[in-house]
Amino acid sequence: MWKVATRREMRPLIDGLKGKEAGYKQAYEQLEQDPCVSYRAPSGELRPFAYRISGRLGEKICGTHLKRGYRIAFTLADSDDDAYEGIVEILYVGTRDTRNRSRDVWDIVHDLFGEPNPRQDHDKPPCCENGLPNMSEDEILEFMNRLRKFLRGR
Amino acid sequence: MTAVAFTRTIAILRRNADKLPAEGREALDALDEGFSAATPDYSKKEAADLLEVSQATLDKWIATGLIPTARVPGHKRQRIPGKPLRAIADEISQLREMGRKRGLLDEALLRLEQEEPGWRKQFDELYGPAFAARNAGDDLVSAAPGADWGPND
């Protein structure tokens, strides 16, 4: 069992999914159960529930798909509470929109980190394949600080 | 009808304003404007009733600087300015409907800050330093979906 949490800055974005039929509830339950799980697709291929995003942020962030084009960006952390395997920390929720950079979830996340979003090599390796994604508390606080300013300016 | 009951009634009508015909919305605007002008501030007891918290909790919230207070001629005790109080109370009421029980004031203010364009100008003036200080070193909050979400949400 994983603890699925976020920061106050992010909570209104999650609340905004109410009524959107984006399937957040289902994804939340899966993140609670195991963010590292893979599924057998009808083709027989093993597909990860969550994948590493491309580029330099890949070591910090995983993503997973919701319905209606929504994506969740999250990182993983150790938990002090033995009841949990770890903490899934949701960093951002938004829609994939490759035609509109200012609205695209991955462009927004990369911008908030000040990193370029690579246009290629989106091979989506499994989130937990080679160790777990990780961010320091300082990196998360800096990200949330930028997110707060971004959300105010929208 | 008391000021608190009237405030709650207007808030409920506001939330359902999209279901009213144009004349109804105009009448609501006029009613809201008239009531706001007639009720520029509230006593602490009224504020606690409106926020549905104990007076001790209200005092704690005031001490953090996140519920503004004012000295008003004609009143011996501090008063709570009506406009921010009504907005906060409405957000807190909606959060409670979503099943939230903790961190209501902080979350209500974040929602106002991020979602209400009309508030952005006044926000720093009213809450800026206290709010920024409160959010520094932010703790984790639950990412659980709301209790009132639909089955496909």
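Student: Lay out the interface of chain A and chain B in plain terms, naming residues and giving numbers.
Tutor: Facing 29 residues of chain A, the contacting portion of chain B comprises 32 residues. Each partner contributes to the roughly 2,900 Å² buried at the junction of chain A and chain B, and carbon and sulfur atoms together form 50% of this total. Summed over the three residues of chain A that lose the most area to chain B, namely A:R8, A:R11 and A:R152, the buried surface amounts to 30% of that side. Counting across the interface, chain A meets chain B through 4 salt bridges.

Student: Give me the pairing of strand β6 (residues 70-77) of chain A: which residues, what numbers.
Tutor: Residue and element names in this part refer to chain A. Within β6, 7 of the 8 residues are buried, which leaves it mostly tucked inside the rest of the structure. Inspection of the sheet shows strand β5 (residues 62-65) paired to β6 by 4 bridges, in the antiparallel sense. Within the sheet, the bridge partner assigned to G63 lies in β6 and is A73. Hairpin connection between β5 and β6: a loop of 4 residues separates the two successive antiparallel strands, and R68 in this loop has a positive phi of roughly 55°. As defined by bridge partners, β6 adjoins strand β7 (residues 86-95) across 8 bridges and the pair is classed as antiparallel. Across the sheet, residue R71 finds its bridge partner in β7, namely G94.

Student: Could you give me a rundown of the state of the cysteines, with the residues and numbers involved?
Tutor: Under the defined criterion, the tally for this structure stands at 2 disulfides over all chains. Going through chain A in sequence order and numbering each bonded cysteine, the pairs you get are 1-4, 2-3.

Student: Tell me about the sheet that holds strand β3 (residues 140-142) of chain B, residues and numbers included.
Tutor: An order of β4(A)-β5(A)-β6(A)-β7(A)-β1(A)-β3(B) is seen for the 6 strands of this open sheet, with the pairing classed as mixed. Edge positions in the sheet fall to β4 (51-52) of chain A together with β3 of chain B, since each has one partner strand and no second. Sheet topology note: the β4(A)/β5(A) ladder contains 2 bridges and is antiparallel. The partner of A:Y51 across the bridge, within β5(A), is A:G63. On top of the sheet, helix α2 (residues 24-33) of chain A reaches β1 (2-7), β6 and β7 of chain A together with β3 of chain B; it is set at about 125° to β1(A), its chief contact.

The rules behind each value
- Residues numbered from 1 in each chain as written.
- Chains lettered and ligands numbered in written order.
- Predicted model: local features only at pLDDT ≥ 70, side-chain atom pairs only at ≥ 80, totals over all residues.
- Heavy atoms only, no water.
- Contact = heavy atoms within 4.5 Å.
- Buried area = accessible area lost by both parts, 1.4 Å probe.
- Salt bridge = Lys/Arg side-chain N within 4 Å of Asp/Glu carboxyl O.
- Buried < 20%, exposed > 50% of the residue type's maximum accessible area, 1.4 Å probe, protein only.
- Helix = DSSP H or I, 4+ residues; strand = E, 2+ residues; numbered from the N terminus.
- Pairing = 2+ DSSP bridges.
- Disulfide = S-S within 2.5 Å.
- Axes fitted to C-alpha atoms, helices over the stretch in contact; angles between N-to-C directions.

All quantities given are derived from atomic positions and should not be read as evidence of function.
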